[in-house]
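# Analysis of the macromolecular model
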Amino acid sequence: MHIESYSVNNQTYIRLAESIVVARGDGKTAVKKKIILSLGNIKKYDDGEPDFLKRLRESFSKGTPIIPELQAYVDGERKNADSSDADYLEPKNLGFLLLEALFDSLEGPSVLTRHKSRNRIPYDLLGLSKLMVHGRILDPQSRFQTFKRRDTYAFPVTEEENHHHIYYSLTELAAVKSALLQRFNTVLSRSGRRTDLTYYDVTNYYFKIDENDPDQLDADGNLVRKGFRKKGVSKENRKQPLVQMGLLIDREGLPITYDLYPGNTLDHSTFQPSLSRLETELALDRVIVVADRGMINYKNILALKDNGYVMSKSIKKSNKEEKDWTTNPEGFSGEPGDDFRVKSRVVTKKVKNEQGQYVTLKQKQVVYWSRKFYNREMKENESFLKMLEEFVEAPERFPVSRFKGLSKFVETCHVDKETGEILDTKALQFVKEEKVKEYSRYFGYYMIVTSEIDKSDDEIIDIYRGLTRIENCFRTVKSDFKGRPIRVQKEEHIEAHFLVCFTALLMMRIIQRQILRHKGLETTHTFDWEEGLSASRVQEALRTFQSAQEKDGSYRLTRPTDDLDLILRAFGFEHPGARCTRSDLVQLKNKLKKEMNRIIGTKNTEK
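If you're wondering where the values come from, they're calculated on a predicted model, not measured in any experiment. Numbers given for residues are sequential positions, taken from 1 along each chain in its written order. Local features in this predicted model are restricted to residues whose pLDDT is 70 or higher, and side-chain atom pairs enter the listing and the counts only when it is 80 or higher, whereas totals over whole chains, interfaces and linings include all residues. With hydrogens and water excluded, all non-hydrogen atoms of the structure serve as input to the side-chain values.

### Here's the deal with helix α16 (residues 491–519)
The secondary structure listing takes helices from DSSP runs of H or I that are at least 4 residues long and strands from runs of E that are at least 2 residues long, numbered from the N terminus. Multiplying 1.5 Å by the residue count of a helix minus one yields the expected span of that helix. Compared with the 42 Å implied by 1.5 Å per residue over 29 residues, the 42 Å span of α16 between its first and last C-alpha is a close match. Think of it in three bands: residues with accessible area under 20% of the maximum for their type are buried, residues over 50% are exposed, and the middle band is partly exposed, with areas taken using a 1.4 Å probe on protein chains only. Extensive coverage of α16 is indicated by the burial of 24 of its 29 residues. With its phi angle positive at about 75 degrees, Gly520 sits one or two positions after the end of α16.

### Comments concerning the sheet that holds strand β18 (residues 555–557)
With respect to topology, four strands assemble into an open sheet ordered β4-β17-β18-β19, the strand pairing being antiparallel. In the strand order of this sheet, the two ends are held by β4 (92–93) and β19 (579–580), each with one partner. Whether two strands pair comes down to DSSP finding at least two bridges between them. Here strand β17 (residues 546–549) runs beside β18; their pairing, made up of three bridges, is antiparallel. Residue pairing in the sheet places Gln549 in a bridge with Tyr555 of β18.

### Details of the sheet that holds strand β13 (residues 358–370)
Spatially, the eight strands line up as an open sheet ordered β9-β8-β5-β10-β11-β16-β13-β12, and their pairing is mixed. Each edge of the open sheet carries a strand with a single partner, namely β9 (255–262) and β12 (340–352). Across the sheet, the mean angle from the axis of one strand to that of its neighbour is 25 degrees, orientation sign disregarded. Direction of pairing for β12 relative to β13: antiparallel, over a ladder of 13 bridges. Bridged to Val347 within β13 is Gln363. Along the sheet, α16 makes contact with β5 (197–206), β8 (242–250) and β9, crossing β9 at roughly 155 degrees. Throughout, an axis means a line fitted to C-alpha atoms (over the contacting stretch in the case of helices), and angles, computed between N-to-C directions, take values from 0 to 180 degrees. Residue contacts are defined here by distance: any two heavy atoms, one from each residue, within 4.5 Å place the two residues in contact.

### Considerations on the confidence of the model for the protein chain
You can read pLDDT as the predictor saying how much it trusts each residue, on a scale of 0 to 100. Mean pLDDT over the protein chain works out to 83, with 83% of the residues at or above the 70 mark. Looking across the protein chain, the model is least confident in strand β15 (residues 422–431), with a mean pLDDT of 46, and most confident in helix α4 (residues 125–138), with 96. A low-confidence stretch, residues 76–83 (pLDDT under 50), is modelled with eight contacts involving residues beyond four sequence positions or located in other chains. With pLDDT under 50 throughout, residues 422–428 is counted as low confidence; its partners more than four residues away or in other chains account for 19 contacts.

Now the structure itself:
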């Protein structure tokens, strides 16, 4: 074994290496280098005296190394090590090769390399960024643990040795967010990506902290900047501070862009800022935005200008005329006993714009009744309706102040117990039957409003149902990628955390889309990604794709799962087999990049 030095970005690093003679396939031998211990930047150990590296090598050869960590490797072997350790294989991940080819094809490296050069960043920004993206898919852990596991890949992802630099890189990633998103979308547009139909929704992520970030005020007490981590309406009923994320995806489920907002921001308040950035930064043509009822208000609709919309609308919050029209059986397709009925109409409304002027708005309203939806709502409200029934028999068991929502259905008056006259001596509570009927009147009904008047009712409903894909995206980030709780604190680090999650999500969706194409399935009208392969199964397949180097220099590979075979075939490849050479793996890596460039639409397909 020997001490070896090497340079990265004009910085000198040192490591303990060993030269191994291995047999080649042609009967000859070759010398291979094995890295035993990475020591990191030489600055950590340099004592300031002349010829430090020379003195280090001499001290190691004499058995008294001046770096304590090397003492266990004196005389060429680990102290107290079992001599049979060399007989064990050390499997390394190969699944990341597909992810790296995909990231390269999205031209992320060119953005990061340019940023590094312009800002004279001394560490490996590109390698650390890849490490975080790959890790988020293959083995989502903390930044520190992701860095510690950098040697678990078959080929080096980064040469970085200082774990502090992975945190520095978060700040730089936040700075290149817009440039990266623009580049991703530019690349995907070359392959014919369609963004004429987009889906928008908001979710939130929690932090394991108790208090909100304080607002920043100036000397006069005026608000300068709102705190970022704020308690709000949690989608998961969490009590901790949150951050809101608005996500926009295309008709195939591929993410387009995202924005972050303080945790107490209302869902509908995120719509216009996200739309504005979409129009200015991505320069898309006319789009139809699909969103749920949390986004519906006329300010947001007017903000769309020449763009279109398909949005759900709360029937219970509609005016009386709309409620009556919804439940009126006239106009519905089919018979009253059918499991699904639909009707629609075109209406005009006069609404005020931001300047206070009345504007005429023409929209189509589509209402449908679904037995499946009705049964689900009945089941969801079963316990509450049962409580109302029990309240009639024994109101004293249900104090109104303790049961949420009960006050709307209960009326209180004071009566004389003997005569029944209304007095102020005793309170009598009873359920307002008309309120209960009104409450359950709309079970099973759903209303969609849209600017797309010429589209059929079925088309509008199918378009709206595509929102299930964005819900799937949220589940993937939260559960499969372990995107929450968020453990970083600085706002720019939070931004970088979500940029890594967004990039990982985009790559996952491209893989799933390719599987759907390989199977001959629709990619624009398939609302369940399980029809291709779920994110968790893709993760597991890529995790199990591993290899270990034998003593003779060849590689032994793990047996491919059915899911891994499917993924590789979707990209035009076969599993390399039980054994192969390093040259075979390098060739696989290069072929993957070339094929990915072809699929994604990268300019230079010879990279």
